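Report on the structure
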Amino acid sequence: MNPVKKPLTPRIPVQRRRDVVENDAFAAFARRIIRAHGRRVADGDVEALRDLVALSSVIDQAITDAVIGLRAFGYSWADIGSRLGISRQAAQQRWGDRP
């Protein structure tokens, strides 16, 4: 007989990894586009320099959105930090406590 009352025992969600679909290829595509934009600026398109610099804030926001999503999906700060080559504390300090 099992002494644990099932309704009183919280169910711990199981982390499940979503199927990754072409993320490596998509990231390579994005890198090629950004590099091409840099080459266009370097070829004399000074007006586009501001747009190229503005991409850094877009990338920072995309990283923040990704980390928030991964946390909501159940990944720990240690999981995230290890993928980025930083400690869990560093990851939590940078992206934790966001609204």
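Everything below is about the structure shown above.
Everything in this summary refers to the structure shown in the same document. (Residues numbered from 1 in each chain as written. Predicted model: local features only at pLDDT ≥ 70, side-chain atom pairs only at ≥ 80, totals over all residues. Heavy atoms only, no water.)

**Things to note about the nonpolar core**
Defined as follows: Grouping buried Ala, Val, Leu, Ile, Met, Phe, Trp, Tyr and Cys residues that are joined through side-chain atoms within 4.5 Å yields what is termed a nonpolar core. Note on classification: 1.4 Å probe, protein chains only; a residue is buried when its accessible area is under 20% of the maximum for its type, exposed when over 50%, partly exposed between these limits. Each helix is a run of H or I in the DSSP string that is no shorter than four residues. Each strand is a run of E no shorter than two, and both are numbered from the N terminus. By definition in these notes, contact holds between two residues if any of their heavy atoms fall within 4.5 Å.
In terms of nonpolar packing, the biggest core is built from 6 residues, these being Val 67, Tyr 75, Trp 77, Ile 80, Ala 91 and Trp 95. Breaking this core down by element, the ones donating at least two residues are helix 3 (77-84) and helix 4 (88-95). Excluding residues that lie within four positions of it along the chain, Trp 77 makes contacts with Val 67, Arg 71, Arg 88, Ala 91, Gln 92, Trp 95 and Gly 96.

**Digging into the packing of aromatic side chains**
How two aromatic rings sit relative to each other is given by the distance of their centres and the angle of their planes. Heads up, the rule is: Stacked, tilted and edge-to-face are the three classes assigned to paired rings of Phe, Tyr and Trp, where Trp is represented by its six-membered ring and a pair needs centres within 6.5 Å; plane angles under 30 degrees give stacked, over 60 edge-to-face, the rest tilted.
Evaluated as defined, the whole model comprises 2 aromatic pairs. Summarising the aromatic geometry, the rings of Phe 26 and Phe 29 are spaced 6.5 Å apart at their centres and angled 45 degrees between planes, so their arrangement reads as tilted. Of the two residues, Phe 26 and Phe 29 both sit in helix 1 (residues 23-42), 3 residues apart, roughly one turn of that helix. Judged by relative accessible area, which is 41%, Phe 29 ranks as partly exposed. Taking the centre distance of 6.0 Å and the plane angle of 20 degrees together, the rings of Phe 73 and Tyr 75 count as stacked. Residue Tyr 75 is classed as buried on the basis of its relative accessible area, which comes to 18%.

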